[in-house]
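Notes for the structure review
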Amino acid sequence: MSKNLWKTTLFLLVTFALCCGVAQAGDFPYVKQSNGTDMPMLMTKFHLTSEPLNGKFYVFGGSTEPTEAGPFSTQIYEYDIAGNTWTLKNGTLPYGILNTGGSPVVAPNNKIYISPDLGPLVNGGWGTHQRIIEYDPATGVCAEKASFGQNIWAVNLVKNSQGNIYAIGGWNGGTIKKIWKYDYTADTLTIDMEDSEFYI
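Residues numbered from 1 in each chain as written. Predicted model: local features only at pLDDT ≥ 70, side-chain atom pairs only at ≥ 80, totals over all residues. Heavy atoms only, no water.

1. With respect to the sheet that holds strand β3 (residues 49–53)
- Taken together, 4 strands build an open sheet; the order of strands is β3-β4-β5-β6 and the sheet is antiparallel. Pairing within the sheet leaves two strands with one partner each, and these edge strands are β3 and β6 (85–92). Going across the sheet, the axis of each strand differs from the next one's by a mean of 25°, ignoring polarity.
- Pairing of strand β5 (residues 75–80) with β6, which is carried by 5 bridges, proceeds in the antiparallel orientation. Across the sheet, the residue bridging to E78 is T87, located in β6. (Pairing = 2+ DSSP bridges. Helix = DSSP H or I, 4+ residues; strand = E, 2+ residues; numbered from the N terminus. Axes fitted to C-alpha atoms, helices over the stretch in contact; angles between N-to-C directions.)

Written out as structure tokens, the structure reads:
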């Protein structure tokens with residue numbers, strides 16, 4: 001594949017990822033089952049982040065209010081598809097988060113990684129977060145990991161067929177045109193592509 005064709009393909013994938021990430025930032029007060037009935041959450045949530053793993057959905061953060069004014073939750077909920085049950089988990093996020101378009105990802109180590117997100121003034125500062133968040137469903141431990149080296153949010157995390165994790169784009173008052181590779185074993189972020197390489 002030529003360099004220009006590769007970058008064209010990557011540009012389209014980045015655009016698709018960003019669009020999908022924004023689509024996740026909806027309101028999910030219940031789960032719609034295949035038989036048409038609803039399974040309400042333990043609490044109505046807006047602007048939350050979710051990710052499936054091993055037959056369950058994990059729901060992170062969000063707000064009880066439809067506006068983006070906060071406060072935002074540090075809670076983690078688990079929805080068991082087979083059992084059709086919701087459980088409030090013991091672990092909590094390092095700060096209350098709002099889904100601004102970023103998407104979490106499951107790594108081969110069965111841990112969920114979430115990009116840094118906004119924390120409003122009532123919850124620790126607006127746009128002051130730089131680190132990837134790691135959640136281990138097996139232990140309930142949730143912790144901040146490697147830093148992007150700048151305040152950033154709305155970053156999409158994606159995983160390729162080899163299990164490598166990439167962080168795409170983001171926002172910190174302006175569009176960030178970078179792609180990072182995240183090594184979850186070594187807990188390092190390295191720039192894989194940046195500003196001048198984003199062209200067709």
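What follows picks up the thread again.
2. Thoughts on the side chain of D136
- Topologically, D136 is positioned in strand β9 (residues 131–136).
- At 4.2 Å, K111 is the nearest oppositely charged side chain to D136, a buried residue that forms no salt bridge.
- Within the local environment of D136, its side chain forms a polar contact with the backbone nitrogen of A138, the two atoms lying 3.0 Å apart.
- When residues no more than four places from it in sequence are discounted, the contact partners of D136 are K111 and V141. (Buried < 20%, exposed > 50% of the residue type's maximum accessible area, 1.4 Å probe, protein only. Lys, Arg positive; Asp, Glu negative; His and termini not counted. Salt bridge = Lys/Arg side-chain N within 4 Å of Asp/Glu carboxyl O. Polar contact = N/O pair within 3.5 Å; in protein donor to acceptor, adjacent residues only side chain to side chain. Contact = heavy atoms within 4.5 Å.)

3. Here's the deal with the pairing of β3
- Judged by which residues are buried, β3 turns out to be one-sided: T49, E51 and L53 face inward and are buried, whereas S50 and P52, on the alternate face, are not.
- Note that β3 and strand β4 (residues 56–60) share 5 bridges and pair antiparallel. Along β4, the bridge assignment pairs L53 with K56.
- The turn joining β3 and β4, which pair antiparallel and follow one another in sequence, is formed by 2 residues; a positive phi near 50° is taken by N54.

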